[in-house]
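Residue-level listing of the chains:
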Amino acid sequence: MEEMFHKKSEAVRRLVEAAEEAHLKHEFDADLQYEYFNAVLINERDKDGNFLELGKEFILAPNDHFNNLPVNISLSDVQVPTNMYNKDPAIVNGVYWSESLNKVFVDNFDRDPSLIWQYFGSAKGFFRQYPGIKWEPDENGVIAFDCRNRKWYIQAATSPKDVVILVDVSGSMKGLRLTIAKQTVSSILDTLGDDDFFNIIAYNEELHYVEPCLNGTLVQADRTNKEHFREHLDKLFAKGIGMLDIALNEAFNILSDFNHTGQGSICSQAIMLITDGAVDTYDTIFAKYNWPDRKVRIFTYLIGREAAFADNLKWMACANKGFFTQISTLADVQENVMEYLHVLSRPKVIDQEHDVVWTEAYIDSTLTDDQGLVLMTTVAMPVFSKQNETRSKGILLGVVGTDVPVKELLKTIPKYKLGIHGYAFAITNNGYILTHPELRPLYEEGKKRRKPNYSSVDLSEVEWEDRDDVLRNAMVNRKTGKFSMEVKKTVDKGFRCGALQRPWEVFLPRECNHRRRPA
């Protein structure tokens, strides 16, 4: 198994090296004209029968390894989100230098024919995928996929973080501004993963926790918690006067208290401020809680077109190692929210920390086998700029990754050593199941209806004999070795129950040595 992990990680590492070298040699050209293979437009023709711009002929052929999908195993193609201009100079330049990855994609596939999808998700928003495949928009002509919102991208690009989101609900936020603010909060939640912790506080003259039952603490940013908070966002309404000083004091106290418990990310901390203005810079509060170390970054989002209070918000962000942005319309939300990821990735970029990350198991809807939809995990690694003029600034170029079917992990397990009643399983650093005989992601066998939280099933939910989480905690805390515990076992078709000692062995592959680092 360790050899298999190593092979997948090495494939990703080769992509990182090729991408960083290609970018190092590239000089940005704002006037660059380059015709690339756009995954949506390839093989499309106009009414006169001519290929569309960026839609040149792209040879596709069914391939058994990719579930007989029409693919091109010689070239990759590029997907650009619908809300982005596909000939933007930043995108065209990125697509141009990342063309050099095609050779590495093919070489990786030749070295390891078990590889599935390989890809590069750019910090600019485009997504280069190998083998090349045609993307089809939905019935509204939209492709909502943005690689920067995917868990593999977020986990590889940033360190784990504790986040308090402050939302202004004073009277001046009525109407469209409050709608934009809610969408901004929702987009921030999209960028949080299972390694992160958060809470949301609305403020006017008083503090209003979005979830009143969770006052003064942070919760893990798993899917269930994020959806729960989204539902409560609809209950927010604007009235009164905004007292930002009260909100900032509360946010700093929460982060400080939670950090001392040792339960959070034990890494980056941030306050996200969403408001239509600030009448002061609140430097006395920052001096009390955050200076001179500036361990908590402040990210400010100015809602609306007016810029009367922009200077105060800019100062707050810059004085606390954060970032300021203005959001005027709903269309601006996603791209502006993404900016904070670049700031939080800077410590990793400057230190050149190419950590390998593995995601929890998820279902790939494009591939199936004789048992239905295929469970996947992704191995990913960040790509950094090595150009001298940007190296000190910590510029994240993107993230490369490749998908690994869970069944490939199972093939490496020596079943003859397990015995007739033995089985093997694997979990992530959060205790979520990667593979386990009792993991059932679908409601019915042979059906495609997924359980909503199938990718975040905790080990304690299936290993119910481990009542004190001895086994789970040992694995999460990266301990190895052997131990046994008493379990109940039914015999005679369930009519009798007996106690027996079940042995366990915990093994930690070196290539999965994912750890949290201070940033």
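Before reading on, note that the structure itself is shown above.
Report follows, based on the coordinates. (Residues numbered from 1 in each chain as written. Predicted model: local features only at pLDDT ≥ 70, side-chain atom pairs only at ≥ 80, totals over all residues. Heavy atoms only, no water.)

Brief notes about a nonpolar patch on the surface
- A contiguous nonpolar surface patch, about 250 Å² in accessible area, is contributed by Ile 241, Met 243 and Ile 246.
- Along the polypeptide, Met 243 turns up in the loop between α6 (223–233) and α7 (244–261). (Patch = residues over 30% accessible without salt bridge, like charges linked within 9 Å, V, L, I, M, F, W, Y side chains within 5 Å. Areas by Shrake-Rupley, 256 points an atom, 1.4 Å probe, with all protein chains shown as cover. Salt bridge = Lys/Arg side-chain N within 4 Å of Asp/Glu carboxyl O. Helix = DSSP H or I, 4+ residues; strand = E, 2+ residues; numbered from the N terminus.)

What about the side chain of Arg 148?
- Looking at where Arg 148 falls in the secondary structure, it is placed in the loop between β5 (127–130) and α4 (151–157).
- Side-chain polar atoms of Arg 148 contact the backbone oxygen of Ala 123, separated by 3.2 Å.
- A distance of 2.9 Å separates polar atoms of two side chains, one belonging to Arg 148 and the other to Glu 335.
- Contacts of Arg 148, omitting those with residues within four sequence positions, involve Met 84, Ser 122, Ala 123, Lys 124, Gly 125, Tyr 153, Ile 154, Glu 335, Met 338 and Leu 341. (Polar contact = N/O pair within 3.5 Å; in protein donor to acceptor, adjacent residues only side chain to side chain. Contact = heavy atoms within 4.5 Å.)

Description of the packing of helix α5 (residues 176–190) against α6
- Between α5 and α6, the shortest axis-to-axis distance is 11 Å and the interhelical angle comes to 180 degrees. Classified by the interaxial angle, the pair formed by α5 and α6 is roughly antiparallel. Together, Lys 182, Val 185, Ser 186, Leu 189 and Asp 190 of α5 and Lys 226, Arg 230 and Leu 233 of α6 make up the contact between the two elements.
- For the contact of α5 with α6, a count of residues per class yields three nonpolar, one polar and four charged. (Axes fitted to C-alpha atoms, helices over the stretch in contact; angles between N-to-C directions. Parallel < 35°, antiparallel > 145°, perpendicular 65-115°, else oblique. Nonpolar A, V, L, I, M, F, W, Y, C, P; charged D, E, K, R; others polar.)

Quick look at the nonpolar core
- Counting residues in each nonpolar core, the largest one holds 76 residues, and the members touching the most others are Trp 117, Trp 152 and Val 400.
- Lining this core are residues from two domains, each supplying at least three of them: domain 1 (1–144 + 364–404) and domain 3 (412–510).
- If we ignore the near neighbours within four places in the chain, the residues touching Trp 152 are Tyr 119, Gly 121, Phe 127, Cys 147, Val 357, Thr 359, Thr 378, Ala 380 and Val 399.
- Membership of the second largest hydrophobic core comes to 36 residues, among which are Val 163, Ile 200, Ala 270 and Met 338. (Core = buried A, V, L, I, M, F, W, Y, C linked by side-chain atoms within 4.5 Å. Buried < 20%, exposed > 50% of the residue type's maximum accessible area, 1.4 Å probe, protein only. Domains from an automatic or database assignment.)

As for helix α9 (residues 310–318)
- Ala 310, Leu 313, Met 316 and Ala 317 are the residues of α9 that are buried. Here the buried residues of α9 occupy an arc of 130 degrees about the axis, which is enough to place them on one side. Turned more than 90 degrees from where α9 packs its buried face, Asp 311 and Cys 318 sit exposed.
- On the buried face of α9, the contacting elements are α7, β10 (268–275), α8 (283–289), β11 (296–303) and β12 (323–327). (Arc of directions from axis to C-beta.)

Topic: the environment of Phe 384
- With respect to the element layout, Phe 384 can be found in strand β15 (residues 372–384).
- Along the sequence, Phe 384 and Gly 216 sit 168 residues apart, while their C-alpha atoms lie 37 Å from each other.

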